[in-house]
Amino acid sequence: MIKVYEKEHVLCVEGILEETRNKIFVYLVDGMLIDTGAEKLQEELVGFFNDHSFDQVVLTHHHEDHTGNAAWLQRDREVPFFIHPLGTEILKEDGEYPDYRKITWGNRKAIKTQPLGDRIRSRTLEWQVIHAPGHAEDHVTLFHESSGRLFTGDLFVRVS
């Protein structure tokens, strides 16, 4: 099941996996798709992808709940895919995950990506790319300074 809503000029897709109640998020901001969601939600996400325009895909890291639909999108859309340089090698091969992760999220197929630099430009905005290893060695966050928007993938510190 997915829920789509807009907040502060960002289209948010919240996916809920019925069996486990785990959530995934995909964002569309200024023509830039951030992450592609879990393969397990592909049927519902394909409708969202087909209904919206975007010029590029930025992956916050290689994990299957963030990249599970990237191969489908790459076959369907002629847009560039970006990830941290450490992730470009990882994504050249199909995902190899333990069974519990495949059961929870699905898997991911190999895709071709371009390495992110220190900045990336969406249609009208420039974003700082911040390497944030820990959760994954190729994990990045995207920061737009003037609006204060920060897309963190799986990074969560705490509510203050």
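Residues numbered from 1 in each chain as written. Predicted model: local features only at pLDDT ≥ 70, side-chain atom pairs only at ≥ 80, totals over all residues. Heavy atoms only, no water.

Peer 1: Any chance you could explain the pattern of salt bridges here in plain terms?
Peer 2: If the charged atoms of two oppositely charged side chains come close together, the side chains can form a pair. Overall, the coordinates contain 8 salt bridges when judged by the stated rule. Between Arg77 and Asp76 there is a salt bridge, and its shortest N-O distance comes to 3.9 Å. Classification of Asp76 as partly exposed rests on a relative accessible area of 40%. Of the charged contacts in the structure, one is a salt bridge between Arg119 and Glu126, with a shortest N-O distance of 3.6 Å. Owing to a relative accessible area of 47%, Arg119 belongs among the partly exposed residues under this scheme. Salt bridges here are not isolated pairs; linked through shared partners, they connect Lys3, Glu14 and Lys23. (Salt bridge = Lys/Arg side-chain N within 4 Å of Asp/Glu carboxyl O. Buried < 20%, exposed > 50% of the residue type's maximum accessible area, 1.4 Å probe, protein only.)

Peer 1: What exactly am I supposed to notice about the environment of Met32 here?
Peer 2: Locating Met32 in the fold gives a position in strand β4 (residues 32-34). For Met32, a relative accessible area of 0% corresponds to the buried category. Met32 sits 26 residues away from Val58 along the chain, and the two C-alpha atoms are 7.1 Å apart. Residue contacts for Met32: discarding those within four places in its chain leaves Tyr27, Gln56, Val58, Ile120, Ser122, Trp127 and Leu142. (Helix = DSSP H or I, 4+ residues; strand = E, 2+ residues; numbered from the N terminus. Contact = heavy atoms within 4.5 Å.)

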